[in-house]
Amino acid sequence: MPVKPYGEGASGESGADGPDGGQVGGRRPEDEPGTGVVAAFGRQLKLLRVRAGVERAEFGTRTGYSAATIAAFEQGRRIPAPRFIDRADEVLGAGGVLRALKEEVARAQYPAFFRDAARLEATAVALCVYANHAVPGLLQTPEYARAVFQMQRPLLDDEVIEQRLTARLARQDIYTRRPAPLLSFIIEEIALRRPIGGRSTLYGQLEQILLVGQNRNVEVQVMPVDREDHAGLGGPFNLIDTTQGQRIAYTKVQDDSRMYTGQEKVHELESRYGILRSQALTPRESLAFIEKLLGER
C-alpha cells in the first residue's frame, strides 16, 4: 500500500488520507530542530528582541534563562517551553505573535514520527493501546520514562531526553481532562517483568499502573505469556477515537510510524484489538496479577 509522505500535505487527520484513502505517515524533516517551525520561531524571537532593544543577557534574566539558552532558542537549536513563549511574548510586547506559534512549537518536542498522533491523542474521546515491549508512555513514571529514553540507540543527547521526558509526562494530563476519555490498555506480561531502569524503577512503575487502573474510565489488561492463542503477533498499535467521530489507527515499528484512516485497515486493527481483549486477563484479574508481581519482590 503506497504511503503519502507528510511533506506532500498529509497530516493524519480526517480528509488527509493517502492516495487510496488508507494510510498516511512518515517523517517531517522540516519540523526538526533547526528547521521548520522551530527555526521560524527562533528568527521571529530574535527580530522582536532586537526591535525591542534588549540584549540576550538582559532578556534571559527577565525570562529566567541564560544568554546561551536564549541564543539556542533564536538559532532553532533548542525547543522552548510554553511558559517561556508566554513570558517572552509579554517581555517583548509581541502582542500574541509568539503565543500564536506555541502549539506548533510544542509539537516539535515529540519525535517527528509521533507528532500527529500526539495531537490527536490530546483531544481523543477514547484510546485503545496495545503494548508488547514496554509499558505505554501514558502509564510511565518519570523514572521509567527517563530509563526508556536513555536506552535508545543511537544515544539521545541529555537535552533531548529532558525535552522528550517533559513532553511524555505532559501527555498524562489526559487523566484530568473533562469529559474523561475512555482509555483501554493491553500490556504483555513480559513488559511488566522487564526491569527497565532497575528493579526499584519497575516496582514504582507497577504501582503507578495499579493507581491509574483505579480510575473508572481506565481499563488495564495483561496478556499472560502462557496464552497459546495470541492475535497481537503483528506488533503494537493504537486506536484513536476523535471528537469528529472518526477512528484512526496508529502503528510504530523501529521509529517508522503510520496512521490509517481507511475503513478496511482500521476495521482490521479494530477487530484484532477486540480479539486481544478477549484473550487477555480481565481488568479485575489484571490488577490482581500486577499486585502479585509486586508481591514477588
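To be clear, the structure that these remarks concern was listed above.
### Focus on the pattern of salt bridges
Throughout the structure, instances matching the rule amount to 20 salt bridges. Where Asp86 meets Lys102, a salt bridge forms, and the shortest distance between an N and an O atom there is 2.9 Å. Of this pair, Asp86 sits in helix 4 (residues 82–91) while Lys102 is found in helix 5 (residues 102–107), placing the two residues 16 residues apart along the sequence. Assessed through its relative accessible area of 25%, Asp86 is described here as partly exposed. With a closest N to O distance of 2.6 Å, Asp241 and Arg247 form a salt bridge. Put simply, Asp86, Asp89, Arg99 and Lys102 are held in one network by salt bridges that share partners.

### Observations regarding unusual backbone geometry
Leaving glycine out, the prevailing phi sign among residues is negative, and the prevailing peptide bond configuration is trans. Cis geometry marks the peptide bond from Arg153 to Pro154, where omega comes out at 0°. For the peptide bond that leads from Arg178 to Pro179, omega is 0°, which places it in the cis range. Within the secondary structure, Pro179 is located in the loop between helix 8 (158–170) and strand 3 (182–188).

Basis of the calculations
Residues numbered from 1 in each chain as written. Predicted model: local features only at pLDDT ≥ 70, side-chain atom pairs only at ≥ 80, totals over all residues. Heavy atoms only, no water. Salt bridge = Lys/Arg side-chain N within 4 Å of Asp/Glu carboxyl O. Helix = DSSP H or I, 4+ residues; strand = E, 2+ residues; numbered from the N terminus. Buried < 20%, exposed > 50% of the residue type's maximum accessible area, 1.4 Å probe, protein only.

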